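Now for the letters of each chain:
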Amino acid sequence: MAKDEDSSLKILNEDRYGAGCVAINEQAVNVEAEELNRSVDSLTTENEISLLLKAVSFLDLTTLSSDDTKANVTQLCCKAVAPVPKEIVKRHGKNDDSKLTTASVCIYPNRISDAKSALAQLGSALPVAAVAGGFPSGQYPLSTRVSEVAFCVDEGADEIDIVIDRSLVLNHQWEKLYSEVLNMNAAGKGRKVKVILATGECGSLENVFKASLVSMHAGAPFIKTSTGKETVNATIPVGIVMCRAIKLFYKTKGIKIGFKPAGGIRTYKDILVWMLLIKKELGDSWLNPSLFRVGASSVLSSIVDRLEELNSLIKTAE
Ligand SMILES: O=C[C@H](O)COP(=O)(O)O
């Protein structure tokens, strides 16, 4: 988004990261969020089924509980490789849906080897994503956060979701944030690093916009809303603002950065709204697991229940 292009978000005075002073019209952002919420209700049954099957392929199926064990991580992996009943995929899926899986499994660093061995036993090459960088608070020395990222690489993680230190955002220490993200990203040695802003703790939409830009300039290939542990997690207004930052970065740098809303996404409707938001703000090319993920621990059952409901509606009508 360029200067003055959009009334909901204006870059007033660009600096090194393109966001020296940002004004966000919160009311306009909230109106857009409400419109997106409403637009889900006008989907046709066929459209909804096709979007829900696609939604599954965007999921970073997550367990991040302090009592996680090999057993429940193995269960998670089994769900991730066969997330939707075969009958539904066969009936409504496209050819490329025949091997429908989630995008990844997302777990704590100590569970990486459990996930890798469960997936190997299932004959699946599904990526394993681990959280790191002092997840969820980021309140640890940079050296320990960086070595946590390195540990995930050594354990074989394919993707690493790192948190930022929110105090840097709240105190507007953008150079320090840039340098910390740069360091943690470098420790990821080319793995897909998703930078979690924990937007519910960033203080304002302006801060979210700036933290997004700083993270992208520091090399983050993906930015993510939340850990799932904040009081306020992924919200649509925050998603709009982060997508605007991604759009601006693409326009100025020509690089497509991925986006991952996560935390509190529980129902099939929630995920549909997120997909419509991506389509509207970033376009169809972003509706691809290489550029869009949804982090969720419990939305899959709601998606499957809804697919079953729509499937039986269609059967009854035939
Ligand atoms: O990164 C993923 C989140 O931790 C999942 O949050 P959730 O348990 O609210 O779905």
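Please refer to the structure higher up on the page.
What this report covers is the structure whose coordinates are included nearby. Being a predicted model, the structure only gives us computed values, none of them experimental.

Conventions used here
- Residues numbered from 1 in each chain as written.
- Predicted model: local features only at pLDDT ≥ 70, side-chain atom pairs only at ≥ 80, totals over all residues.
- Heavy atoms only, no water.
- Helix = DSSP H or I, 4+ residues; strand = E, 2+ residues; numbered from the N terminus.
- Buried < 20%, exposed > 50% of the residue type's maximum accessible area, 1.4 Å probe, protein only.
- Near = heavy atom within 4 Å.
- Polar contact = N/O pair within 3.5 Å; in protein donor to acceptor, adjacent residues only side chain to side chain.
- Areas by Shrake-Rupley, 256 points an atom, 1.4 Å probe, with all protein chains shown as cover.
- 1 Å grid on protein atoms, 1.4 Å probe; cavity = no way out; pocket = protein on both sides within 12 Å on 5 of 7 lines; lining within 4 Å.
- Sits in = over half its atoms within 2 Å of the grid points.
- Pairing = 2+ DSSP bridges.
- Right-handed = clockwise from strand over helix to strand, strands pointing away.
- Axes fitted to C-alpha atoms, helices over the stretch in contact; angles between N-to-C directions.
- Contact = heavy atoms within 4.5 Å.

### Details of unusual backbone geometry
Look at the link from F135 to P136: it is a cis peptide, with omega at 5°. Tracing the backbone through its elements, the reader meets P136 in the loop between β5 (128-132) and α6 (142-155). If you check the backbone angles, A198 has positive phi at about 50° while not being a glycine. With respect to the element layout, A198 can be found in the loop between β7 (192-196) and α9 (205-217). Among the residues examined, A198 registers a relative accessible area of 0% and is labelled buried.

### Focus: the site of the ligand
All residues adjacent to the ligand are T62, L64, K224, T227, G228, A262, G263, G264, R266, G295, A296 and S297. Here T227 contributes a backbone N or O atom positioned 2.5 Å from an oxygen atom of the ligand. Between the ligand and S297 there is a distance of 2.5 Å, counted from an oxygen atom to a side-chain nitrogen or oxygen. Within the complex, the protein chains bury 91% of what would otherwise be the 310 Å² of accessible surface of the ligand. Here the ligand is seated within the second largest pocket.

### Describing the pairing of β7
On a regular strand, each side chain points to the face opposite its neighbour's, so the side chains alternate between the two faces of the sheet. A large share of β7 lies buried, amounting to 4 of its 5 residues. Two elements, strand β6 (residues 159-163) and β7, share 5 bridges in a ladder whose sense is parallel. Along β7, the bridge assignment pairs V163 with I196. Of the strand pairs in this sheet, β7 and strand β8 (residues 222-224) are connected by 3 bridges, and their pairing is parallel. Of the residues in β8, the one forming a bridge with V195 is I223. Once you follow β7 into α9 and on to β8, the crossover reads as right-handed.

### Considering the sheet that holds β8
Strand order across the open sheet formed by 8 strands is β9-β8-β7-β6-β5-β4-β3-β10, with parallel pairing between neighbours. Every interior strand has two partners, whereas the edge strands, β9 (258-260) and β10 (294-296), have only one. Here the strands of the sheet are splayed against their neighbours by 25° on average, with no regard to which way each runs. Pairing of strand β3 (residues 59-62) with strand β4 (residues 104-107) involves 3 bridges; the strand directions are parallel. From the neighbouring strand, D60 faces β4, where its bridge partner is S104. Relative to the sheet, helix α10 (residues 236-253) contacts β8 and β9, its axis offset from that of β9 by approximately 170°.

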